[in-house]
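Chain by chain, the residues:
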Amino acid sequence: MEHQTTISGMTSRRRAVLEAVQQSKGHLTASDIWERARGIEPRISFATVYNAVHYLCDSGLLIEIPFGDGASLYDARTDRHDHARCTRCGGIVDYDCGVATDVIKQVALEKGFLADEVHITVVGVCATCRASG
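Just so we're clear, the structure is a prediction, and the values are computed from it rather than from any experiment.

> Teacher, can you tell me more about the overall build of the protein chain here?
Looking only at helices and strands, one finds 5 helices and 6 strands in the protein chain. Along the chain direction, N to C, the helices and strands of the protein chain fall in the order α-β-α-α-β-β-β-β-α-β-α. Along the first, second and third principal axes, the C-alpha set of the protein chain runs to 50 × 40 × 25 Å. By residue count, 32% of the 133 residues in the protein chain fall in the buried class. Look at the contacts in the protein chain between residues 6 or more apart in sequence, and 46% of them connect residues 24 or more apart.

Shown next, in the form of structure tokens:
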């Protein structure tokens, strides 16, 4: 999904980072983005990529998917959606949990917590890894 909004401060290197993630149609680490962005902007540094992904997330053009221990993946799909992550291969699949998010918000409210957002991550083993033993 491509975001068409023009943002002030969108440098050519930030555009290269955004394009690298959008072209992947997947979830990338900062290192993955750096490798792809160098094909668009050969002199881009890893530090620039790292700063650019945070800028793009703050601008609503990317989302960050944190997975603990400081590891994050970045996604150009910015609509509300959830993820399933395979513990064997590390693959991530997007899905929409829909109604469950309303249930989770209601349960949180019953516990005195007003949830602004709900992001669900299912962790397990994907079909491909299960089939391979």
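There is more to say after this.
> What's the story with the confidence of the model for the protein chain in this structure? I'm lost.
Note that predicted coordinates carrying low pLDDT should not be read in detail. When pLDDT is averaged across the protein chain, the result is 89; 93% of the residues are at 70 or more. The model gives residues 1–5 a pLDDT under 50, and that stretch makes 7 contacts with residues more than four places away or in other chains.

> Any chance you could explain the pairing of strand 3 (residues 72–75) here in plain terms?
Looking along a regular strand, one sees the side chains alternate between the two faces of the sheet. Alternating positions in strand 3 separate into two faces, Ser72 and Tyr74 on one and Leu73 and Asp75 on the other, with burial throughout. Summarising the sheet, strand 1 (residues 27–28) and strand 3 pair through 2 bridges and their orientation is antiparallel. If you follow Leu28 over to strand 3, its bridge partner there is Tyr74. Where strand 2 (residues 63–66) and strand 3 come together, 4 bridges link them in antiparallel fashion. The residue bridging Ile63 from the neighbouring strand is Asp75, located in strand 3.

> What should I look at first to understand the nonpolar core in this one?
Most often, soluble globular proteins keep nonpolar side chains buried together rather than apart. Grouped together as the largest cluster of nonpolar side chains are 20 residues, with contacts concentrated most on Val17, Ile33, Val49, Val53, Leu56 and Leu62. Every element with two or more residues in this core is listed here: helix 1 (12–24), helix 2 (30–38) and helix 3 (46–58). Per-element accounting of this core gives the leading share, 6 residues, to helix 3. Among all residues touching Val49, those that are not within four sequence positions of it are Val17, Ala30, Ile33, Trp34, Ala37 and Ile44.

> Can you walk me through the pattern of salt bridges in this structure?
Here the idea is simple: oppositely charged side chains can pair when their charged atoms come close. Under the definition given, this model contains 6 salt bridges. With a shortest N-O distance of 2.8 Å, Asp79 and Arg77 are connected by a salt bridge. Residue classification places Arg77 among the partly exposed positions, given a relative accessible area of 26%. For Asp96, the salt bridge goes to Arg80, with nearest N and O atoms at 3.8 Å. A residue pair is termed long-range when its members are at least 10 positions apart, and Asp96 in the loop between strand 5 (92–95) and helix 4 (99–110) and Arg80 in the loop between strand 3 and strand 4 (82–86) qualify at 16 residues. Accessibility expressed as a relative area gives 53% for Asp96, which makes it exposed. Its relative accessible area of 34% is what places Arg80 among the partly exposed residues. One salt-bridge network, in which partners are shared between bridges, spans Arg77, Asp79 and Asp94.

> So what exactly am I meant to see when it comes to helix 1 here?
Given 3.6 residues to a turn, an α-helix orients residues that are three or four positions apart in the same direction. Compared with the 18 Å implied by 1.5 Å per residue over 13 residues, the 18 Å span of helix 1 between its first and last C-alpha is a close match. Of all the positions in helix 1, only Ala16, Val17, Leu18, Ala20, Val21, Gln22 and Ser24 are classed as buried. Contacts from the buried residues of helix 1 go to strand 1, helix 2, helix 3 and strand 3. Within two residues after helix 1, Lys25 carries a phi angle of roughly 55°, on the positive side.

Analysis parameters
Numbers given to residues run from 1 along each chain, matching the order in which its sequence is written. Owing to the predicted nature of the model, reporting of local features is limited to residues with pLDDT of at least 70; listing and counting of side-chain atom pairs is limited to 80 or more, with chain, interface and lining totals taken over all residues. In computing side-chain properties, one takes all heavy atoms of the structure into account and sets aside hydrogens as well as water. Starting at the N terminus, helices and strands are each numbered in turn, a helix being any DSSP run of H or I of at least four residues and a strand any DSSP run of E of at least two. Accessible area is worked out with a 1.4 Å probe on protein chains only. A residue is then buried under 20% of its type maximum, exposed over 50%, and partly exposed in between. Contacts: residue pairs with any heavy atoms within 4.5 Å of one another. A residue's pLDDT is the confidence the predictor assigns to it, expressed on a 0 to 100 scale. Note on pairing: two strands pair once DSSP finds at least 2 bridges between them. The set of buried Ala, Val, Leu, Ile, Met, Phe, Trp, Tyr and Cys residues whose side-chain atoms join them within 4.5 Å is what this entry labels a nonpolar core. A carboxyl oxygen of Asp or Glu within 4 Å of a side-chain nitrogen of Lys or Arg is what we treat as a salt bridge. What a helix is expected to span follows from its residue count: subtract one and scale by 1.5 Å.

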